[in-house]
Protein chains: 2
Amino acid sequence: MERMKRLTVLGATGSVGRRALELIGRFPGQFRVEGLAARGTNPDHVAELCRIHRPRVVALADERAVDVLARALGHPRPEILGGASGLVALARDVPADVVLSAIVGAAGLLPTMAAIETGKAVAIANKEPLVMAGSLMTAAARRHKAPLLPVDSEHSAIFQCIEGQQRSQVHRILLTASGGPFRRMSKADMASVTVEDALNHPTWKMGAKITVDSATLMNKGLEVIEARWLFGLPAEQVQVVVHPQSIIHSMVEYVDGSVIAQLGVADMGIPILYALNYPNRLPWPGERLDLTKVGSLTFEEPDVERFPCLALCLQALAAAGCAPAVLNAANEIAVGAFLAGRIRYTQIAEIIALALDRVPGRALDSIETCVDIDAETRRFVEERLPGFTRGVAAAVSGRAGR
Amino acid sequence: MERMKRLTVLGATGSVGRRALELIGRFPGQFRVEGLAARGTNPDHVAELCRIHRPRVVALADERAVDVLARALGHPRPEILGGASGLVALARDVPADVVLSAIVGAAGLLPTMAAIETGKAVAIANKEPLVMAGSLMTAAARRHKAPLLPVDSEHSAIFQCIEGQQRSQVHRILLTASGGPFRRMSKADMASVTVEDALNHPTWKMGAKITVDSATLMNKGLEVIEARWLFGLPAEQVQVVVHPQSIIHSMVEYVDGSVIAQLGVADMGIPILYALNYPNRLPWPGERLDLTKVGSLTFEEPDVERFPCLALCLQALAAAGCAPAVLNAANEIAVGAFLAGRIRYTQIAEIIALALDRVPGRALDSIETCVDIDAETRRFVEERLPGFTRGVAAAVSGRAGR
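Residues numbered from 1 in each chain as written. Chains lettered and ligands numbered in written order. Predicted model: local features only at pLDDT ≥ 70, side-chain atom pairs only at ≥ 80, totals over all residues. Heavy atoms only, no water.

**With respect to helix α17 (residues 367-389) of chain A**
- Relative to the 33 Å expected for 23 residues at 1.5 Å per residue, α17(A) spans 32 Å between its end C-alpha atoms, a close match to the ideal helical length.
- For α17(A), the full list of buried residues reads Ile367(A), Thr369(A), Cys370(A), Ile373(A), Asp374(A), Thr377(A), Phe380(A), Val381(A), Leu385(A) and Phe388(A). (Helix = DSSP H or I, 4+ residues; strand = E, 2+ residues; numbered from the N terminus. Expected span 1.5 Å × (residues − 1). Buried < 20%, exposed > 50% of the residue type's maximum accessible area, 1.4 Å probe, protein only.)

This is the structure:
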């Protein structure tokens with residue numbers, strides 16, 4: 001029998017982490033959960049995961065949750081670490097074959113880098129660290145021989161379409177986008193989009209932040225940046241194609257006119273298991289794709305005029321240096337403000353554009369610089385939020401009166 | 001610079017051979033044509049190909065054409081061989097890195113085997129030899145370490161979707177079929193299909209025999225048999241999916257629910273160049289796929305009731321032994337008779353069913369047995385053709401009067 005794969009899951013209570021742990025439970029004897037990290041907002045959930053998976057070490061970002069978890073678990077219990085440094089220690093020190101990096105947003109950067117710097121394979125489900133510091137992360141991965149395994153369905157697709165092929169023969173990547181819930185909405189109507197509208201994704205079930213990013217196409221722009229780093233191609237060779245059915249998860253076009261695509265049902269479980277057990281595919285326990293029942297697959301060009309976030313991502317990538325980190329931080333704060341009802345949907349792009357314009361550019365010389373610029377951008381955006389907030393109440397009541 | 005690839009083209013004046021030679025001409029310095037074989041029905045065409053490609057040896061199946069070609073070429077000229085033995089000698093004795101096997105029908109069997117038995121890579125464009133003697137051909141290829149490189153767009157697609165993947169993890173092959181010109185036609189209307197109707201393929205431009213085979217879905221059935229041998233999978237793991245746009249050329253579904261597909265414009269040039277220059281892809285000089293212009297891709301189940309040839313292929317494959325050779329020979333004679341106006345379209349399937357039922361089964365113990373059963377089946381069908389022919393004139397005049 002093959003040796004069990006030892007796993008550490010960063011972001012165990014998030015959408016991807018929960019799905020991963022649920023699937024791991026279906027393959028007893030295949031995986032061994034060594035480490036778990038979570039935010040700590042729900043210690044009972046973490047306690048439940050500990051009882052099921054029996055990790056050796058647990059880390060909670062919220063230090064106050066450490067005691068709560070310890071009491072909930074009683075004895076014997078895993079070692080419990082707290083705070084940002086606890087997450088880094090977990091990623092770095094707990095022996096693991098694969099670290100699933102699934103912490104939402106920039107908070108995943110330092111633990112992910114710690115896993116890479118100890119040469120562990122990293123299954124990357126949170127794109128923000130790669131967006132912020134792609135050049136540093138990929139350089140570290142090369143230096144420490146740490147394989148980066150994409151978990152995003154699109155990047156998993158691209159990875160699978162490149163397996164066994166010569167990278168020099170890639171003509172371009174065709175990154176598919178569902179187009180989100182507002183694919184057909186006019187620019188005028190977008191001003192009155194509600195949080196509920198934005199969270200109603202047509203094909204994928206995901207966390208709130210990524211669902212809003214999907215609605216603005218920011219998610220697709222971040223994925224272009226992610227693809228640029230994961231596959232070492234310039235942005236011009238990464239093209240977005242809107243494909244509303246989310247069946248083709250992405251494609252790679254080769255110089256000879258052949259296009260290789262990966263298809264499947266829209267279930268994150270497939271790319272999660274692929275990354276965790278790479279290079280061996282595990283028998284999928286869920287529903288399988290039946291193309292004769294899908295009806296038809298369609299494709300269209302993305303509209304950057306109605307979805308300015310996509311253009312902002314390409315702008316940040318072209319500007320290089322810390323610009324993608326500025327873009328990412330501004331987006332995280334803006335999306336948070338939108339979810340909290342503080343700004344309008346269309347102001348997300350306006351805030352990002354303002355930050356890209358006004359936060360001073362800097363070379364990406366270290367992770368510390370990246371962390372600094374992230375904090376600086378968050379402060380910059382937070383300070384300006386009240387200016388954007390004025391008028392939101394009026395817009396909401398305007399919508400109610402339609 | 002890489003060494004030039006030395007090629008022998010069997011079937012130089014057929015649809016695939018001509019396209020291959022035309023494309024080879026676009027990559028000077030990449031290929032060197034060492035040998036050419038053709039039927040010899042058009043010696044002027046062969047002479048023209050000799051002037052362009054300057055092969056060292058030429059073989060013509062029709063011995064009477066040898067002198068005509070010699071006179072047309074003058075001096076200096078290539079060595080010219082004649083007859084079936086000439087084709088075998090060419091395939092066997094002319095040194096080549098790749099032999100393109102593109103002779104229509106069973107006539108390709110012996111020269112293709114000769115190429116395999118001398119350990120040359122064989123680019124297989126004519127499926128009939130594999131259908132007739134797949135077990136013997138693949139065993140010989142393994143014994144002589146002769147790579148078999150598919151040229152059929154479907155098998156090239158499958159080959160590309162399996163590259164770099166583990167064959168043991170294949171769940172099934174999804175072989176796509178355009179459905180041909182009669183995809184929507186009722187069974188009743190099929191009785192009055194004309195040769196012109198059958199030659200009007202919706203997506204691919206090909207020779208007459210394969211175009212009729214595409215209309216009956218016999219071609220797809222032969223491809224199931226071909227796939228069974230090329231990829232070493234049982235027929236149950238090869239499934240036909242009708243995909244009228246012919247953009248996805250075939251797919252491979254893995255155990256983990258991932259489906260890998262190969263897409264491209266419907267141009268045989270792409271799989272031809274892929275096979276000839278494997279494993280390096282050459283820059284495609286033609287039109288590229290633009291999915292946003294394609295509109296939509298659709299999929300449906302094949303209807304074996306209206307397309308009985310597909311079921312007959314599966315029946316022959318299940319019967320094993322020489323049954324696929326009987327099927328193939330009966331189909332070749334029946335299609336020839338249909339093209340000559342001697343039988344009706346729907347009688348093609350009836351003739352094949354009769355041959356499968358009545359030509360005695362035999363174990364496929366040697367190529368000689370295969371050649372014998374091929375000849376026996378042809379005699380059997382030819383003898384019975386007049387019985388089918390009666391009534392065709394009536395049907396044709398009936399159609400004219402609609």
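**Here we look at empty space enclosed by the protein**
- Applying the stated criterion across every chain, the model contains three cavities of 30 Å³ or more.
- Reported here for the largest cavity is a volume of approximately 50 Å³.
- Along its surface, the largest cavity is lined by Ser153(A), Ser156(A), Gln160(A), His249(A), Gln262(A), Leu263(A), Gly264(A), Val265(A), Ile270(A), Pro271(A) and Ser258(B).
- Contributions of two or more residues to the lining of the largest cavity are made by α7 (153-162), β11 (259-263) and α12 (269-276) of chain A.
- Broken down by element, the residue count for the lining of the largest cavity peaks at three residues, all from α7(A). (1 Å grid on protein atoms, 1.4 Å probe; cavity = no way out; pocket = protein on both sides within 12 Å on 5 of 7 lines; lining within 4 Å. Points joined across faces, edges and corners; volume = space filled by probe spheres on them.)

**Remarks on the packing of aromatic side chains**
- Throughout the structure, instances matching the rule amount to 10 aromatic pairs over all chains.
- The interplanar angle of 85° and the centroid separation of 5.1 Å between the aromatic rings of Phe182(B) and Tyr345(B) together place this pair among those described as edge-to-face. Taken together, the residues Phe182(B) in the loop between β8 (170-177) and α8 (187-190) and Tyr345(B) in the loop between α15 (323-339) and α16 (347-358) connect sequence positions 163 residues apart. When sorted by exposure, Phe182(B) lands in the same class as Tyr345(B), which is buried.
- Within the aromatic cluster, the residues linked to one another by ring pairs are Phe159(A), Tyr274(A) and Tyr278(A).
- Taking NZ or CZ as reference, Arg228(A) lies 4.0 Å from the ring centre of Trp229(A), over its face. (Phe/Tyr/Trp six-rings, centres within 6.5 Å; stacked < 30°, edge-to-face > 60°. Lys NZ or Arg CZ within 6 Å of the ring centre and 35° of its normal.)

**As for the pattern of salt bridges**
- Applying the stated criterion across every chain, the model contains 58 salt bridges over all chains.
- Between Asp303(A) and Arg306(A) there is a salt bridge whose closest N-O contact spans 2.9 Å.
- Residue Asp303(A) is classed as partly exposed on the basis of its relative accessible area of 28%.
- On the basis of relative accessible area, Arg306(A) is assigned to the buried category, the value being 18%.
- A salt bridge links Arg184(B) to Glu300(B), with the shortest nitrogen-to-oxygen separation between them at 3.6 Å. Here Arg184(B) is found in the loop between β8 and α8, whereas its partner Glu300(B) is found in the loop between β12 (296-298) and α14 (308-319), with 116 residues between them in sequence.
- With a relative accessible area of 67%, Arg184(B) lands in the exposed category.
- Residues joined in a network through salt bridges with shared partners are Lys127(A), Asp152(A), Glu154(A), Lys220(A) and Glu223(A). (Salt bridge = Lys/Arg side-chain N within 4 Å of Asp/Glu carboxyl O.)

**What to know about the relation of the copies chain A and chain B**
- Superposing chain A onto chain B takes a rotation of 180° plus a shift of 0.0 Å along the axis, which leaves an RMSD of 0.0 Å. Such a combination of turn and shift is consistent with a two-fold rotation axis. By C-alpha distance to the rotation axis, the residue of chain A lying nearest is Gly164(A), at 1.9 Å.
- Of all interface residues in chain A, 100% are interface residues in chain B too; the two copies therefore contact each other through one and the same surface. (Least-squares fit on C-alpha atoms with pLDDT ≥ 70 in both. Contact = heavy atoms within 4.5 Å.)

**Some remarks on unusual backbone geometry**
- Backbone torsion omega between Tyr278(A) and Pro279(A) reads 5°, so that peptide bond is classified as cis.
- Summarising the element assignment, Pro279(A) is placed in the loop between α12 and α13 (291-294).
- In the Ramachandran plot, Ala320(A) falls in the positive-phi region, its phi being about 60° despite a non-glycine side chain.
- Along the chain, Ala320(A) falls in the loop between α14 (308-319) and α15 (323-339).
- Classification of Ala320(A) as partly exposed rests on a relative accessible area of 38%.
- Residue Ser246(B) is not a glycine yet carries a positive backbone phi of 50°.
- Its place among the elements puts Ser246(B) in the loop between β9 (238-242) and β10 (248-254).
- Residue Ser246(B) is classed as buried on the basis of its relative accessible area of 6%.

**Side note on the interface of chain A and chain B**
- Tallying the contact residues gives 41 residues for chain A and 41 residues for chain B.
- In total, chain A and chain B occlude about 3,600 Å² of area from one another, counting both sides; carbon and sulfur atoms represent 48% of this.
- Of all residues in chain A, Asp256(A), Arg281(A) and Arg288(A) give up the largest surface area on contact with chain B, accounting jointly for 19% of the area buried on that side.
- Taken together, the links from chain A to chain B amount to four salt bridges.
- Put simply, Asp256(B) and Arg281(A) hold a salt bridge, and the shortest N to O gap is 2.9 Å.
- The tally of links between chain A and chain B comes to 28 residue pairs in polar contact (both at pLDDT 80 or more).
- Secondary structure elements with two or more residues in the side of chain A that touches chain B: β8 (170-177), β10 (248-254), β11, α12, α13 and β12 (296-298) of chain A.
- When residues of the side of chain A that touches chain B are assigned to their parent elements, the largest contribution, five residues, is made by β11(A).
- Among the residues forming the side of chain A that touches chain B, the class breakdown is 18 nonpolar, 15 polar and eight charged. (Buried area = accessible area lost by both parts, 1.4 Å probe. Polar contact = N/O pair within 3.5 Å; in protein donor to acceptor, adjacent residues only side chain to side chain. Nonpolar A, V, L, I, M, F, W, Y, C, P; charged D, E, K, R; others polar.)

**Examining the domain arrangement of chain A**
Residues and elements named next belong to chain A.
- When cut into domains, chain A gives domain 1 (5-150), domain 2 (153-179 + 219-266 + 288-302) and domain 3 (188-216 + 305-393).
- One C-alpha centre belongs to domain 1, the other to domain 3, and the line joining them spans 26 Å.
- The interface is formed by 14 residues belonging to domain 1 together with 17 residues belonging to domain 3.
- For the domain 1 face of the interface with domain 3, the top three residues by lost area are Val131, Met132 and Leu136, together amounting to 43%.
- Lys209 is paired through a salt bridge with Glu128; the nearest N and O atoms lie 2.8 Å apart.
- At the junction of domain 1 with domain 3, the criterion picks out one residue pair in polar contact (both at pLDDT 80 or more).
- Secondary-structure elements contributing two or more residues to the side of domain 1 that touches domain 3 are α5 (109-117) and α6 (128-143). (Domains from an automatic or database assignment.)

**So, the sheet that holds strand β1 (residues 5-10) of chain B**
Residue and element names in this part refer to chain B.
- One open sheet accounts for seven strands, arranged β4-β3-β2-β1-β5-β6-β7; its pairing is parallel. Looking at which strands have only one partner, the edges of the open sheet turn out to be β4 (79-82) and β7 (148-150). Direction aside, neighbouring strands of the sheet carry axes that sit 20° apart on average.
- Of the pairings in the sheet, the one linking strand β5 (residues 98-101) to strand β6 (residues 121-124) comprises four bridges and is parallel in character. Residue pairing across strands places Val99 opposite Val122, the latter belonging to β6.
- Contacting β2 (31-38) and β3 (57-60), helix α2 (residues 43-53) crosses the sheet at an angle of about 165° to β2. (Pairing = 2+ DSSP bridges. Axes fitted to C-alpha atoms, helices over the stretch in contact; angles between N-to-C directions.)

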